[in-house]
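Read off the chains here:
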Amino acid sequence: MERPEAPEGAVWAEHVAPDGYTHRVLARGTVFRLANPEGGACAHVLLHHVDQPWERLNVADTVKVQWNAYGGHLLLSDQGRVLASVESESGYDALCGTTPKGRDMFVRAAAKHGLGKRDLPPSLSFFQGARVRPDGSLHFTGPAGDVVTLRAELPLVVLIANTAHPLDPDGACTRLEVTAWRDQPTGPDDPLWTATPEGRRAFENTHEYLSARGSA
Amino acid sequence: MTVVAANAGWSALIGAGQTLTIVDLEGNQAVDFLVYSAADTAERYSAQDTITAQGNIFLTTGSVLMSNERNPLMTVVEDTCGRHDTIGGACSKESNTLRYGHHTRPQHACVENFLAEGAKWGLGKRDLVSNVNWYMNVPVEQDGTLGIVDGISSPGLKVVLRAEVDVIVLVSNCPQVNNPCNGFNPTPVRLEVA
Ligand SMILES: [Zn+2]
């Protein structure tokens, strides 16, 4: 497949076919964008801290700290730090995870970074999701959203599998577009740093960690 | 039969066909719980596979705790409480700093219990994933807002789990004192393998 159009200086530009996967190491501050050009992509995403991949996306902390199951602007690690920030109005699915096909792709993508099955926690998905009824039952909400922009707040291994949502009765999806370019991490002057007290403390923890190891 | 003191951890190997009973002795006590296949601990409880397999975020009688390989690990065969959480995960010193302030970092937390109990079985940090919270009520409102609310657990309620394969279970009797999940007062629970 042809590469998608990407801005000058892009560090990543790729189409991910239906039932395909991709993976990349991204520097802190890199902006990466997931686009859904045909409207049926479902991007299953995992994030690991590249320097210490035992620190990784924690979906439970991500939903609990932001008090919302359907979306938030911070993707948090199990160490109380910000792995990535998110610009998206359409939110994400933190509840349903992926399918056996998606998991198989995560296993292979992770292996290419020296990571094994023990390194694969629950995942997030973008562009397809579900809602919870008062009795706890789930209903699939189908496609939503055409672009999600994320910013690496720590150096990351990004694993992405593009495959149907586990509750999708059709079990099909369309291609996903991924582009990335160098930019700056969120700083204390950015509105997101102070948008919530919980988020501010997560950015403070991230900054404190980077300062102590000499990379802030 | 074992009484797990308030704030403490516990773990055990439970053979296929055996049951584990968890009794909330004084009520309003969250019990954080992870389960692994004893034959290959890389196969472990998956909250997301459990949720999608049953089409519901709450656990109760009949719920099957599914692994990341989509195999049944344990089945809830009896539940006198009616609703248990799959999405809130465990409290940790690190997440406590976000939710309740940097000053709460020294407080004990479920992840500390999981790490200590897991180490007895060769399990480490990489092996911790989203866990079950027995007796915790985390409703999701229409706009996605999460509640961690009080109110459905009372003294003497029990959950009985049957192992479908040989499993290792890790338990943390939740020490959280900053929200209502333990009624602000962690209390003992009784565990019985039969
Ligand atoms: Zn806890």
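Scroll up for the structure.
So, a few notes on the structure that sits alongside this text. Please read all numbers here as calculations on a predicted model, not as lab measurements. (Residues numbered from 1 in each chain as written. Chains lettered and ligands numbered in written order. Predicted model: local features only at pLDDT ≥ 70, side-chain atom pairs only at ≥ 80, totals over all residues. Heavy atoms only, no water.)

A look at a nonpolar patch on the surface
- Together, B:Met1, B:Val3 and B:Leu25 line one region of the surface with nonpolar side chains, adding up to about 300 Å² of accessible area.
- Structurally, B:Met1 can be placed in the segment before strand S1 (2-4). (Patch = residues over 30% accessible without salt bridge, like charges linked within 9 Å, V, L, I, M, F, W, Y side chains within 5 Å. Areas by Shrake-Rupley, 256 points an atom, 1.4 Å probe, with all protein chains shown as cover. Salt bridge = Lys/Arg side-chain N within 4 Å of Asp/Glu carboxyl O. Helix = DSSP H or I, 4+ residues; strand = E, 2+ residues; numbered from the N terminus.)

Considerations on the sheet that holds strand S11 (residues 156-162) of chain A
All names here are of chain A.
- Taken in spatial order, the four strands of this open sheet run S2-S11-S4-S7, and their pairing is antiparallel. The sheet terminates laterally at strand S2 (20-26) and strand S7 (124-126), the two strands that pair on one side only. The sheet shows a mean angle of 25° between the axes of neighbouring strands, taken without regard to direction.
- Pairing of strand S4 (residues 43-49) with S11 involves seven bridges; the strand directions are antiparallel. Paired with Leu 46 across the two strands is Leu 159, which belongs to S11. (Pairing = 2+ DSSP bridges. Axes fitted to C-alpha atoms, helices over the stretch in contact; angles between N-to-C directions.)

Some words on the interface of chain B and chain A
- At the interface, 46 residues of chain B touch 43 residues of chain A.
- Of the roughly 3700 Å² buried between chain B and chain A, counting both surfaces, carbon and sulfur atoms make up 52%.
- Broken down residue by residue, the surface that chain B buries against chain A is led by B:Gln48, B:Leu98 and B:Arg126, which jointly contribute 21%.
- Taken together, the links from chain B to chain A amount to five salt bridges.
- The residue B:Glu69 makes a salt bridge to A:Lys117 at a minimum N-O spacing of 3.1 Å.
- At the level of elements, helix H1 (47-54) and helix H2 (93-100) of chain B are the ones that each hand at least two residues to the side of chain B that touches chain A.
- Here the element with the most residues in the side of chain B that touches chain A is H2(B); it accounts for six residues.
- The residue inventory of the side of chain B that touches chain A, partitioned by class, reads 15 nonpolar, 17 polar and 14 charged. (Contact = heavy atoms within 4.5 Å. Buried area = accessible area lost by both parts, 1.4 Å probe. Nonpolar A, V, L, I, M, F, W, Y, C, P; charged D, E, K, R; others polar.)

Digging into the side chain of B:Asp24
Residues and elements named next belong to chain B.
- With respect to the secondary-structure elements, Asp 24 resides in strand S3 (residues 19-24).
- Here Asp 24 is buried and forms no salt bridge, its nearest opposite-charge partner Arg 190 lying at an N-O distance of 11 Å.
- Non-local contacts of Asp 24, meaning those with residues more than four positions away in its chain, are made with Gln 29, Tyr 135, Ser 153, Ser 154, Pro 155, Gly 156, Leu 157 and Val 189. (Buried < 20%, exposed > 50% of the residue type's maximum accessible area, 1.4 Å probe, protein only. Lys, Arg positive; Asp, Glu negative; His and termini not counted.)

Describing empty space enclosed by the protein
- A full pass over the atoms with the stated rule returns three cavities of 30 Å³ or more.
- Counted as a void, the largest cavity has a volume near 100 Å³.
- What lines the largest cavity is a set of 16 residues, and nearest its centre among them are A:Lys64, B:Cys91, B:Arg99, B:Met136 and B:Asn179.
- Among the elements that take part in the lining of the largest cavity, H2(B) stands out by supplying three residues, more than any other.
- Taken together, the residues of the lining of the largest cavity break down into six nonpolar, seven polar and three charged.
- Its volume calculated, the second largest cavity comes out at about 80 Å³.
- Considering the residues around the second largest cavity, the lining is formed by A:Val59, A:Ala60, A:Val63, A:Ala94, A:Leu95, A:Pro122, B:Ala47, B:Gln48, B:Ile51, B:Thr86, B:Ile87 and B:Ser130.
- Those elements that place two or more of their residues in the lining of the second largest cavity are helix H1 (59-65) of chain A together with H1 of chain B.
- In the lining of the second largest cavity, the residues fall into nine nonpolar, three polar and no charged. (1 Å grid on protein atoms, 1.4 Å probe; cavity = no way out; pocket = protein on both sides within 12 Å on 5 of 7 lines; lining within 4 Å. Points joined across faces, edges and corners; volume = space filled by probe spheres on them.)

Observations regarding the coordination of the zinc ion
All names here are of chain B.
- The coordination sphere of the zinc ion, as far as protein atoms go, consists of Cys 91 (SG), Cys 110 (SG) and Cys 174 (SG), spread over 2.2 to 2.3 Å.
- Counting gaps between the donor residues of the zinc ion yields the pattern C-x18-C-x63-C. Of the two residues, Cys 91 is situated in the loop between strand S6 (72-79) and H2 and Cys 110 in helix H3 (residues 110-119); the sequence distance between them amounts to 19 residues. (Donors = N, O, S within 2.8 Å, 3.2 Å for Na, K, Ca; no water.)

Let's talk about the pattern of salt bridges
- Under the definition given, this model contains 19 salt bridges over all chains.
- A salt bridge links B:Glu164 to B:Arg162; the nearest nitrogen and oxygen atoms lie 2.9 Å apart.
- B:Arg162 gets classed as partly exposed once you look at its relative accessible area, which sits at 32%.
- Several salt bridges converge on common partners, so that one network encompasses A:Arg103, A:Lys117 and B:Glu69.

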